[in-house]
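# Architecture at a glance
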Amino acid sequence: MPRSRRSTKVCSRCRKRKTKCDFIFPACTPCKLANLPCLGFDPSSKEAVPRSFVKSLEARVEELEAQLLSLNAASNNVPYLVTTAVAQATISIGIPFQNSFLGSKASSTLFFRPSCPPLAIAREQGQSGPEKHPDLKVSRRNPGAPINLRSVPFSAINRMIRNYIDIHLPQYPCVSESTVNEILDKIQRQDLEDPNALPIHCVPTGAGLGHFEYFVLLIALAISAMTLTWKADYQARAASESFYNAALKHLQAMADHSEIQALQVSLLLAHYAHMCPERVDNWTCISNAVRIVLNLGLYMECTQLVETEACQRSVLFWVAYGMDRSLCTNLRLPLSFPEEAITVKLPTVVAEANPGHSTSKPSKSSVAYHICRYRALETEVHRVLHLEEDLNKFGNTKIEDWIESITQRLKQWYEKAQSYTRYDMLEFKHVQYNHLMARIHRPTPRLRLRGPENWKAVLDASSVLIQDYLAQERRRRLFYPWHGVHILFETAIISLEACWSARNYAPLHSKAHEMLHTSIPQCLQLLSNIGERWGEAAVCADRLRPLVENVRTSLINPDTLLLTMIDESVITAEILDLLFTDGPLSWTRVSHGDILFDLNESDPSLKSLVDDSLELFSWNPEWDIMPADSMQGYTL
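The rules behind these values
- Residues numbered from 1 in each chain as written.
- Predicted model: local features only at pLDDT ≥ 70, side-chain atom pairs only at ≥ 80, totals over all residues.
- Heavy atoms only, no water.
- Helix = DSSP H or I, 4+ residues; strand = E, 2+ residues; numbered from the N terminus.
- Buried < 20%, exposed > 50% of the residue type's maximum accessible area, 1.4 Å probe, protein only.
- Areas by Shrake-Rupley, 256 points an atom, 1.4 Å probe, with all protein chains shown as cover.
- Core = buried A, V, L, I, M, F, W, Y, C linked by side-chain atoms within 4.5 Å.
- Domains from an automatic or database assignment.
- Contact = heavy atoms within 4.5 Å.
- UniProt positions renumbered as here; feature names shortened; annotations may be inferred.
- Disulfide = S-S within 2.5 Å.
- Phe/Tyr/Trp six-rings, centres within 6.5 Å; stacked < 30°, edge-to-face > 60°.
- pLDDT = per-residue confidence, 0-100.
- Expected span 1.5 Å × (residues − 1).
- Bend = angle between axes of the 7 residues up to and from the residue.
- Axes fitted to C-alpha atoms, helices over the stretch in contact; angles between N-to-C directions.
- Parallel < 35°, antiparallel > 145°, perpendicular 65-115°, else oblique.
- Nonpolar A, V, L, I, M, F, W, Y, C, P; charged D, E, K, R; others polar.
- Salt bridge = Lys/Arg side-chain N within 4 Å of Asp/Glu carboxyl O.
- Left-handed = near helix turned anticlockwise from the far one by under 90°.

Moving on: the overall build of the protein chain. What the protein chain contains, in helices and strands, is 23 helices and two strands. The burial tally for the protein chain puts 55% of its 636 residues in the buried class. Accessible surface for the protein chain amounts to roughly 28500 Å². Of this, 53% is attributable to carbon and sulfur atoms.

Spelled out as structure tokens, the structure:
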């Protein structure tokens, strides 16, 4: 019988006293009985550190694995039917435990698969298989070469980095502004002057930059290239994909990295996945970020750190928090970690002075934290209406009082968000406000039946939201298709349900008619347009079109022969099935024909990417980024 592995998750006090530790979180039994603080132990620094919830679970998992090894070695060979504590406490992604990537137990294949579509679509694909969806476009990894950075005019690099710093970094400060500026400065002063300074896998020793810094620069360029206005859309996509491919080469060559760097890489990849869901799986990236956040205890206030380190930990936690909460609320997942465990304070501004890049936008640094406040409201709605948590946690005893409270707080957030308009920031505030307002009034597990006031609120919010997305598309500003698909799909379903529920309520007939004939078809067309890039979006649109037609026909022609062929109970059941999707809490589908990209050295696809003899993609001199004011005049 194999020997069980000895756990290394013993707390600092038990380790010092050489007593048995039972790993219970947040305090083991010996420490609890002694009424003393229970701290973890960091083998690298040999110091006591805050206990990690993840490590305590991993210790329990190790015990279970040892028991399973014993059982598997026995003659009866008991089947593996145990769900690990880690899978119950964190987002489950159904991953193998070999070929780990970024310090996680996830294979890199899972990082670079397509992102998860809305849960109703994921469930149906899981049941029927991709062959039942002939309209699904298979998104392959860009076969093009990484970009030759020396072929890009520095003026273009500088323009894209300035765009990243001014627009993206305030919302997702995955790295500091000073770090990005320092990398750019070294690129300008040293790297571009040396013809041998930018080989992908031989970083020049005199440049002062490593593979992590090159990855940050290139992924920032990939993100920024997608959001600038070009003379042709294909230019943005070609440039972005080439920057992204070059970033992956540096990521593969990154032999040593800290946990903080692994967290930053995960968050940057998640940011890119929101923009290119066909390239990267945001679920896996965010899951890994959450793992690191919990492992490092970033959710806890720590007064023993220097100010700069404490600030970095706080900033990275709130970025991961915002991404995680957005993922959980869109996919109807349980929270990865409870709100009550968070003790680190939400700063009002980023405590970073950067004399090298002054700004006339004093409120810019607080954008990310205003988004976090929205995510907190969004999470509360999710906890109350979908997870059905106790109202007393939120200071209310009646659901009506809570709805009034959350509505007022959302309105206050929206009013504050208006102040960012003058700085061309928080441009998606109208979508966020109306989306959450519609969620408050839609049918949910806690409130399955809603009344006329709720129907009207849903139709009003959905109409404004769809028009806002149409304006974004016209201005070529629909930057985040993953969010867009999930929001538009949900909006189409809940507005369709409101129209169907109000079919016998005369005061809403006119609004329902406009929604069914104009707004919902526009919504589906938006999904189809996004589907040209990410095939799952087209599947969403195709899934809803027959249902929309049935609802529209039954409401407009109630006495026709066609109506007798449409069973109202069937329509009701289909709408409810979409509203209350009982699907898997994991995204495990891999489309047939997808080219999945594993960054392990044994992977043949990787060897082609790490080959320095590979021809590099060059910047087309005819490409041009349009002036910043070229799209002015478009208003929402």
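Alright, that's what it looks like, and here's the rest.
On to the nonpolar core, then. Ranked by internal contacts, the top residues of the largest apolar core, which has 159 residues, are F243, F317 and W402. With 13 residues, the top contributor of residues to this core is helix α9 (residues 211-227). When residues of this core are assigned to domains, at least three fall in each of domain 2 (85-127 + 145-348) and domain 3 (427-582). Contacts of F317, omitting those with residues within four sequence positions, involve V293, L298, Y299, F337, I342 and V344. In this structure, C11, C14, F23 and C38 belong to the second largest nonpolar core, which totals seven residues.

Feature annotation in UniProt assigns "domain: Zn(2)-C6 fungal-type" (unreviewed entry) to the following positions: residues 10-38. Across residues 10-38 one finds 41% helix and 0% strand; the C-alpha atoms that close the span lie 10 Å apart.

Applying the stated criterion across every chain yields a total of zero disulfides. The thiol sulfur of C523 is not disulfide-bonded, and the nearest other cysteine sulfur, from C540, lies at 9.9 Å. We classify C523 as buried; its relative accessible area is 0%.

With that settled, the discussion passes to the environment of V431. Locating V431 in the fold gives a position in helix α16 (residues 429-441). Relative accessible area serves as the criterion here: at 3%, V431 is assigned to the buried category. Along the primary structure V431 and I487 are separated by 56 residues, whereas in three dimensions their C-alpha atoms are 8.8 Å apart. Non-local contacts of V431, meaning those with residues more than four positions away in its chain, are made with L465, D468, Y469, Q472 and I487.

On to the packing of aromatic side chains, then. Under the counting rule described, the total for this entry stands at eleven aromatic pairs. Relative to F337, the ring of F317 lies with its centre 5.9 Å away and its plane at 50°, an arrangement referred to as tilted. Highlighted residues: F317 in helix α13 (residues 307-331) and F337 in the loop between α13 and α14 (367-386), separated in sequence by 20 residues. Both residues of the pair, F317 and F337, belong to the buried class. Every member of this aromatic cluster is reached through a ring pair, and the members are Y172, F428, F479 and Y480.

Looking at the secondary structure, you find M300 in the loop between α12 (282-296) and α13. Look at M300 and you get partly exposed, because its relative accessible area is 23%. It is 7.6 Å that separates the C-alpha atoms of M300 and A341, two residues lying 41 residues apart in sequence. Leave out the neighbours within four places in its chain, and M300 touches P50, R51, T343 and V344.

Okay, the confidence of the model for the protein chain next. In low-pLDDT regions, the fine details of the predicted coordinates are not to be read closely. Confidence along the protein chain averages 75 in pLDDT terms, with 69% of residues attaining 70 or more. Low confidence marks residues 589-617, where pLDDT is under 50. Its contacts with residues over four positions away, or in another chain, come to 75 contacts.

A word on helix α20 (residues 535-556). Residues separated by three or four positions in an α-helix point in the same direction, a consequence of the helix having 3.6 residues per turn. Between the first and last C-alpha of α20 there are 32 Å, a value that for 22 residues agrees with the 32 Å anticipated at 1.5 Å per step. Maximal helix bending in α20 amounts to about 30°, located at R545; proline P546 follows within four positions.

Glancing now at the packing of helix α11 (residues 259-275) against helix α18 (residues 481-501). Direction vectors running N to C along α11 and α18 enclose 55°, while the axes themselves pass 5 Å from each other. For the element pair α11 / α18, the angle class is oblique. Where α11 approaches α18, its residues A273, H274 and M275 are matched on the opposing element by P481, W482 and H483. Residues of the contact of α11 with α18, tallied by class, amount to four nonpolar, two polar and no charged.

Residue K18 is not a glycine yet carries a positive backbone phi of 60°. Here K18 lies in the loop between α1 (12-17) and α2 (29-34). With a phi close to 60°, R332 is a non-glycine residue in the positive phi region. With respect to the element layout, R332 can be found in the loop between α13 and α14.

All right, on to the pattern of salt bridges then. Counted under the stated rule, the structure contains 23 salt bridges. Across the salt bridge formed by K186 and E182, the nearest N and O atoms sit 3.4 Å from each other. Taken together, the residues K186 and E182, both in helix α8 (residues 177-189) and four residues apart, mark about one turn of the helix. A salt bridge links E259 to R291; its shortest N-O distance comes to 4.0 Å.

Attention now goes to the environment of I260. Relative to the helices and strands, I260 resides in helix α11. For the pair formed by I260 and L316, sequence separation is 56 residues and the distance between their alpha carbons is 8.7 Å. What I260 contacts, discounting residues up to four positions off in sequence, is L296, Q312 and L316.

All right, on to the packing of α9 against α11 then. Contact geometry for α9 and α11: axes closest at 10 Å, N-to-C directions at 20°. Classified by the angle their axes make, α9 and α11 are roughly parallel. Between α9 and α11 lies a crossing of left-handed hand. Taking contact as the criterion, the partners of F212, F215, V216, I219, A222, I223, M226 and T227 in α9 are, on α11, Q261, Q264, V265, L268, L269, H271, Y272 and M275. Residue composition of the contact of α9 with α11, by class: twelve nonpolar, four polar and no charged.

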